[in-house]
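# Observations on the three-dimensional arrangement
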Amino acid sequence: LVNILAGDRPADSGIRVDNMLSSARPVAIMTACMAGFVLAVAVAVDGLHWIRTARFLELCGTYMAWGISQQYLLQAFALRRFRQAGLGRPASLLVAAAMFAGMHAPNWVLVGVTFAAGVVWCLLFMHRPNVFTLGMSHAVLAVLLYHAWPRPWLQGLAIGPMFLRRAG
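Presented here is a report on the structure given in the accompanying data block. (Residues numbered from 1 in each chain as written. Predicted model: local features only at pLDDT ≥ 70, side-chain atom pairs only at ≥ 80, totals over all residues. Heavy atoms only, no water.)

Here the focus is the nonpolar core. Judged by nonpolar contacts, the single largest core of 37 residues is most densely connected at Tyr63, Leu79, Trp121, Leu145, Trp149 and Leu157. Contributions of two or more residues to this core are made by helix H2 (20-45), helix H3 (53-84), helix H4 (89-102), helix H5 (108-127) and helix H6 (131-148). No other element matches H6, which puts 10 residues into this core. When near neighbours in sequence (up to four residues on either side) are disregarded, Tyr63 contacts Gly135, Ala139, Ala142, Val143 and Leu157. (Core = buried A, V, L, I, M, F, W, Y, C linked by side-chain atoms within 4.5 Å. Buried < 20%, exposed > 50% of the residue type's maximum accessible area, 1.4 Å probe, protein only. Helix = DSSP H or I, 4+ residues; strand = E, 2+ residues; numbered from the N terminus. Contact = heavy atoms within 4.5 Å.)

In structure tokens, the structure reads:
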């Protein structure tokens with residue numbers, strides 16, 4: 001609703017396919033770099049664990065939709081509004097990434113990871129706005145993180161009260 005009231009066109013919000021290929025290349029490169037970090041940590045702490053194939057596919061589908069939705073909120077809502085409020089590029093991306101990370105509290109490991117990823121995704125959006133490619137990146141990294149890092153660190157990627165219940 002805020003985007004409609006502000007007169008944003010879908011393309012302004014990253015809802016577009018015309019730049020899908022030009023957005024996909026840098027997003028894929030940065031996703032591969034972030035995935036490399038996730039895997040390096042996993043190998044260092046012996047964290048890799050696998051689940052049933054059906055659950056893996058369910059997570060992929062869920063995180064694809066959830067990733068696109070979260071990227072829309074991060075980019076089209078938060079980042080664009082901070083830019084329109086007069087914050088410069090660096091400040092707006094840091095504030096948007098911090099807000100995005102804060103939404104993952106009190107899962108502090110996830111807060112740190114989402115802040116770093118949020119900065120990268122905001123930079124990518126500023127250069128080639130496309131929530132679909134960023135949503136795919138988000139999905140790939142979330143599913144990888146879920147399988148790669150020790151379960152006690154992330155509590156199934158839970159946040160808020162669900163995280164507190166799982167953490168005991």
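On to H6, then. Its 18 residues give H6 an end-to-end C-alpha distance of 25 Å, which sits within 8% of 26 Å, the value for a rise of 1.5 Å per residue. Across the 18 residues of H6, 15 count as buried, placing the element largely inside the fold. The backbone nitrogen of Phe132 has a side-chain oxygen 2.9 Å away, supplied by the residue at the start of H6, namely Asn130. (Expected span 1.5 Å × (residues − 1). Polar contact = N/O pair within 3.5 Å; in protein donor to acceptor, adjacent residues only side chain to side chain.)

As for its placement among the helices and strands, Ser13 is situated in the loop between helix H1 (2-5) and H2. Its relative accessible area of 2% is what places Ser13 among the buried residues. Among residues more than four places away in sequence, those in contact with Ser13 are Asn3, Asp8, Tyr72, Ala76, Arg80, Phe125 and Val131.

Further remarks concern the pattern of salt bridges. Tallied over the entire structure, the rule returns five salt bridges. For the salt bridge of Asp8 with Arg81, the shortest nitrogen-to-oxygen distance reads 2.6 Å. Taken together, the residues Asp8 in the loop between H1 and H2 and Arg81 in helix H3 connect sequence positions 73 residues apart. Given a relative accessible area of 17%, Arg81 falls into the buried group. Through salt bridges that share partners, Asp8, Arg80 and Arg81 make up one connected network. (Salt bridge = Lys/Arg side-chain N within 4 Å of Asp/Glu carboxyl O.)

Take the packing of H3 against H6 next. H6 packs onto H3 with a crossing angle of 135° between their chain directions and a minimal axis gap of 7 Å. Our classification of the angle between H3 and H6 gives oblique. Between H3 and H6 lies a crossing of right-handed hand. Residue-level contacts link Arg55, Phe56, Leu59, Cys60, Tyr63, Met64, Gly67, Ile68, Gln70, Gln71, Tyr72 and Gln75 of H3 to Val131, Phe132, Leu134, Gly135, Met136, His138, Ala139, Ala142, Val143, Tyr146 and His147 of H6. Counted by class, the contact of H3 with H6 contains 15 nonpolar, seven polar and one charged residues. (Axes fitted to C-alpha atoms, helices over the stretch in contact; angles between N-to-C directions. Parallel < 35°, antiparallel > 145°, perpendicular 65-115°, else oblique. Left-handed = near helix turned anticlockwise from the far one by under 90°. Nonpolar A, V, L, I, M, F, W, Y, C, P; charged D, E, K, R; others polar.)

What follows concerns the packing of H3 against H4. Where H3 contacts H4, the two axes come as close as 9 Å, and the packing angle between them is 140°. As the angle between them shows, H3 and H4 are arranged oblique. Between H3 and H4 the crossing geometry is right-handed. Within the contact between the two elements, H3 uses Gln70, Leu74, Ala78, Leu79, Phe82 and Arg83 and H4 uses Arg89, Ser92, Leu93, Val95, Ala96, Ala97, Met99 and Phe100. For the contact of H3 with H4, the class distribution of residues is 10 nonpolar, two polar and two charged.

Glancing now at the environment of Met64. Considering the arrangement of structural elements, one finds Met64 in helix H3. Classification of Met64 by relative accessible area gives partly exposed; the value is 30%. Separated by 31 residues in sequence, Met64 and Val95 place their C-alpha atoms 25 Å apart. In this view, Met64 contacts Gly135, Met136 and Ala139; residues no more than four positions away in its chain are not counted.

These figures capture arrangement, not role.
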